[in-house]
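Commentary on secondary and tertiary structure
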Amino acid sequence: MTQELKNQLAGIRHVALDMDGTIYLSNTIFPYTISFLKRLTDMGITYSFLTNNPSKSLADYLHKLDVMGIPCEPEQMYTTTIATIDYIKNNYPSARKLFLLGTPSMISQFEEAGFIPTSDDPDDVPDIIVASFDMTLDYNRLCRAAWWISQGVTYLATNPDLVCPTDQRTVLVDCGSICRCLEGATGRKPDVTLGKPDPNMLSGICSRMNLEPSQIAMVGDRIYTDIAMAHNAGAFGVLVLSGETTLETARKAPRQPSLICRDIEELGEMLAESRQ
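These remarks concern the structure in this document. (Residues numbered from 1 in each chain as written. Predicted model: local features only at pLDDT ≥ 70, side-chain atom pairs only at ≥ 80, totals over all residues. Heavy atoms only, no water.)

Of all hydrophobic cores here, the largest spans 52 residues; its most connected members are Val15, Leu17, Phe49 and Leu202. For this core, the leading source of residues is helix α3 (residues 58-68), giving 5 residues. In contact with valine 15, other than residues within four places in its own chain, are Leu40, Ile45, Thr46, Tyr47, Ser48, Ala217, Val219 and Leu271. Formed by 16 residues, the second largest nonpolar core is a distinct cluster that contains Ile129, Ile149, Cys175 and Cys179. (Core = buried A, V, L, I, M, F, W, Y, C linked by side-chain atoms within 4.5 Å. Buried < 20%, exposed > 50% of the residue type's maximum accessible area, 1.4 Å probe, protein only. Helix = DSSP H or I, 4+ residues; strand = E, 2+ residues; numbered from the N terminus. Contact = heavy atoms within 4.5 Å.)

This part takes up the sheet that holds strand β13 (residues 216-220). Taken in spatial order, the 6 strands of this open sheet run β5-β4-β1-β13-β14-β15, and their pairing is parallel. Of all strands in the sheet, those bounded by a partner on one side alone are β5 (77-79) and β15 (259-261). Strand-to-strand twist across the sheet, computed as the mean angle between neighbouring axes with direction ignored, equals 25°. Of the pairings in the sheet, the one linking β13 to strand β14 (residues 236-240) comprises 4 bridges and is parallel in character. Bridging across to β14, valine 219 finds its partner in valine 238. In this fold α3 packs onto β4 (46-51) and β5, with an angle of close to 130° to the strand it touches most, β5. Sheet strands touched by helix α4 (residues 80-91): β4 and β5. Its angle to β5, the strand with the most contacts, is close to 70°. (Pairing = 2+ DSSP bridges. Axes fitted to C-alpha atoms, helices over the stretch in contact; angles between N-to-C directions.)

Let us look at helix α2 (residues 33-42). Among the residues of α2, Thr33, Phe36, Leu37 and Leu40 are the ones counted as buried. What you see down the axis of α2 is that its buried residues fit within an arc of 95°, all on one side. Exposed side chains of α2 directed beyond 90 degrees from the buried face belong to Lys38 and Asp42. Looking at the buried side of α2, the elements it contacts are β1 (14-17), β3 (28-29), β4 and α11 (264-274). (Arc of directions from axis to C-beta.)

A few words now on the sheet that holds strand β8 (residues 128-131). Spatially, 5 strands are ordered β7-β6-β8-β9-β12 in an open sheet, and the strand pairing comes out parallel. If you trace the sheet from one side to the other, it starts and ends with β7 (116-117) and β12 (192-193), each paired once. One ladder, built from 4 bridges, connects strand β6 (residues 97-101) with β8; its direction is parallel. Opposite phenylalanine 99, over in β8, you have isoleucine 129 as the bridge partner. Strands β6, β8 and β9 (154-157) of the sheet are contacted by helix α7 (residues 175-186), whose axis makes an angle of about 150° with β9.

Summarising the element assignment, leucine 100 is placed in strand β6. For leucine 100, a relative accessible area of 1% gives the class buried. Non-local contacts of leucine 100, meaning those with residues more than four positions away in its chain, are made with Met106, Ile107, Phe110, Pro117, Val130 and Arg141.

For the rest of this paragraph, the subject is helix α6 (residues 139-150). Taking 1.5 Å as the rise per residue, α6 with 12 residues should run 16 Å; its terminal C-alpha atoms sit 17 Å apart, in good agreement. Along its buried surface, α6 packs onto β6, β8, β9 and α7. N-capping of α6 is provided by aspartate 138, with a side-chain oxygen placed 3.0 Å from the backbone N of asparagine 140. Just downstream of α6, glycine 152 is the residue with a positive phi angle, here 90°. (Expected span 1.5 Å × (residues − 1). Polar contact = N/O pair within 3.5 Å; in protein donor to acceptor, adjacent residues only side chain to side chain.)

Burial along β1 is two-sided: His14 and Ala16 and Val15 and Leu17, pointing in opposite directions, are all buried. Of the strand pairs in this sheet, β1 and β13 are connected by 4 bridges, and their pairing is parallel. Looking at β13, one finds that alanine 16 is bridged to methionine 218.

Scope: geometric values only; no functional claims are made or implied.
Right, dumping it as C-alpha cells:
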C-alpha cells in the first residue's frame, strides 16, 4: 500500500455500500459481510446502504437485511424509490397521479408517500410516468407506458442499470434495458434518470453527517453506477470484484476507481492497516 493510499483510507469516516453484488448476491449473503460491518463499527467508521434496485419498499429491504442478520436502521437505507419520491416532491410538487412500471412492493412505497397509481386506461391520465426495475412487468402496461411517453407526459427512470446481479442461471433485465425498449418504441429517453451515478445520494450523506466527500468511501461492484457516482460526488470510489465487474473490464474503464478490491473483506483489512 502506498503512503498516499494509506492516507486516503485513514481519512475515511463513512462507508456507503452498494448492496447486490457487494454485501450479498441475490439472496445469498457473503460470508464476510457481518464481520466487515462489525470491523467498521470497531474502527469508528459509520456505514449506510445505497441501492439502485427499487423493486422492494424500505420496509421490505429492512426485513431482508434483518433476515440475513445485517444490522440496519431506516436512516441507514437509501433506495432509488426514495430518491425518486424526493425528486418528484421537490420538482413537481403538484404531481399526484403516477403511471408506475414497478413491483407491488415499490408501488406501495409511492402510495405511502401520498401518490396515486394510475391504471392501464387511456382515460386515466398520469402526471408523471416512472419506469423502474419491474420483475412483474406486464406487456399491456409496457404498451401503456409507451403510449403516455409518446404523448409527452413527464418520464422518469429510477435507475440506469441494464441488468441486476444474480447467483441464478439467468439474466435479470433491469430498468435501463426496459427504458431502451421504450426508447425503441417511442424515440424518447427518460427526462431524468435517478439513482447512481447521480451524486445526490452521497451529497445527502455529506449534508446529514457533516462530512467532506473525500471522507466517504463509495463501495460497489459497478463501474458505470457506483464508481461513476463516486467520481460525480468527489468521493473515494472502491470497486469490489464480487459482483458484475471483472478486473479486465475495470482496467478498461475511462474513469478508474480510487481502489479495486477483491471484496469488502479485503477493503476492511486495508482500512484497518491504514489506521495502524
